[in-house]
Amino acid sequence: MLAGLAGGVVFGLLMAGVGALPLVGSLIGVDDAIVGFLVHLVISAVAGALFGLLSGRIADQVVPVYAVSALYGVVWWLLGALVIMPLWLSVTVDPGMTSLVFVVGDNQWVSLFGHVFFGLTTGATLLVLRGNAR
């Protein structure tokens, strides 16, 4: 969870810079950047804990952890940004959001960058926490 929170803080700063945090807050019906950041951190902690569980066999191998963590970020981008978020927002904000499932525009490319950076930061932090950083 700690590794995911580290990744979430880094990604959250990018999201704050592009004004995306209020939309994340809208996932729970609150269009607010601070609420969005907190929601983002909860999601990040869960994703980080899951990554920690999934990466157990490669925990002491730096290159595989970085490769898998970058791929993990891409998977979360596909699932979270391109599927779950538009579907969830179609319930809480606008039913028309369902038309944005698997739509990739400028905002989604920025999101991909952020998700990959989340994965890499989570992987690096996990290596440090496990005592395997080099």
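This is a predicted model, so every value here is computed, not measured.

> Please provide a residue-by-residue account of a nonpolar patch on the surface, values included.
On the surface, Leu71, Val75, Leu79, Ile84 and Trp88 cluster together into a nonpolar patch covering about 460 Å² of accessible area. One can find Leu71 in helix α4 (residues 62–92).

> Can you lay out helix α1 (residues 2–17) for me, pointing to particular residues and giving the numbers?
With 16 residues, α1 extends 23 Å from end C-alpha to end C-alpha; this agrees with the ideal 22 Å at 1.5 Å per step. Within α1, the full set of buried residues consists of Ala3, Gly4, Gly7, Gly8, Phe11, Gly12 and Met15. Along α1, the residues classed as buried sweep out an arc of 160° about the axis, all on the same side. Opposite the packed face of α1, turned more than 90 degrees from it, sit the exposed residues Leu2, Leu13 and Gly17. Buried residues belonging to α1 abut α2 (21–25), α3 (33–54) and α5 (106–129). With its phi angle positive at about 75°, Gly19 sits one or two positions after the end of α1.

> Can you tell me about the packing of α1 against α3, naming the residues and giving the values?
Running from amino to carboxyl end, α1 crosses α3 at an angle of 145°, the nearest separation of the two axes being 8 Å. Where α1 crosses over α3, the two elements pack in a sense that is right-handed. Across from Gly4, Leu5, Gly8, Val9, Phe11, Gly12 and Met15 in α1, the residues of α3 making contact are Phe37, His40, Leu41, Ser44, Ala45 and Gly48. Its residues placed into classes, the contact of α1 with α3 shows 7 nonpolar, 6 polar and no charged.

> Quick one: what's the story with the environment of Leu87, residue by residue and with numbers?
Here Leu87 shows up in helix α4. Taking the relative accessible area as the measure of exposure, Leu87 reaches 39% and is therefore partly exposed. Distance in space between the C-alpha atoms of Leu87 and Thr121 is 27 Å, their sequence separation being 34 residues. Setting aside residues up to four positions removed in sequence, Leu87 forms contacts with Thr98 and Val101.

> Requested: an account of the nonpolar core, with residues and values cited.
The biggest cluster of nonpolar side chains holds 15 residues, and the ones touching the most others in it are Met15, Val24, Leu27, Tyr72, Met85, Leu89 and Phe118. Sorting the residues of this core by element identifies α1, α2, α3, α4 and α5 as the ones contributing at least two each.

> Please provide a residue-by-residue account of the side chain of Ser55, values included.
By secondary structure assignment, the location of Ser55 is in the loop between α3 and α4. By relative accessible area, which is 0% here, Ser55 ends up buried. The residues contacting Ser55, other than those within four sequence positions of it, are Leu126 and Arg130.

> How would you explain unusual backbone geometry if you had to name every residue and give the values?
Despite not being glycine, Phe102 shows a phi value in the positive range, around 60°. Looking at the secondary structure, you find Phe102 in the loop between α4 and α5. On the accessibility criterion, Phe102 (56% relative accessible area) is exposed.

> Describe in detail the environment of Met97, supporting the description with residues and values.
Here Met97 lies in the loop between α4 and α5. With residues up to four places along the chain from it excluded, the contact list for Met97 reads Pro86, Leu89 and Ser90.

Here is what the cut-offs are and how they apply
- Residues numbered from 1 in each chain as written.
- Predicted model: local features only at pLDDT ≥ 70, side-chain atom pairs only at ≥ 80, totals over all residues.
- Heavy atoms only, no water.
- Patch = residues over 30% accessible without salt bridge, like charges linked within 9 Å, V, L, I, M, F, W, Y side chains within 5 Å.
- Areas by Shrake-Rupley, 256 points an atom, 1.4 Å probe, with all protein chains shown as cover.
- Salt bridge = Lys/Arg side-chain N within 4 Å of Asp/Glu carboxyl O.
- Helix = DSSP H or I, 4+ residues; strand = E, 2+ residues; numbered from the N terminus.
- Expected span 1.5 Å × (residues − 1).
- Buried < 20%, exposed > 50% of the residue type's maximum accessible area, 1.4 Å probe, protein only.
- Arc of directions from axis to C-beta.
- Contact = heavy atoms within 4.5 Å.
- Axes fitted to C-alpha atoms, helices over the stretch in contact; angles between N-to-C directions.
- Left-handed = near helix turned anticlockwise from the far one by under 90°.
- Nonpolar A, V, L, I, M, F, W, Y, C, P; charged D, E, K, R; others polar.
- Core = buried A, V, L, I, M, F, W, Y, C linked by side-chain atoms within 4.5 Å.

Read these as spatial facts, not as claims about activity.
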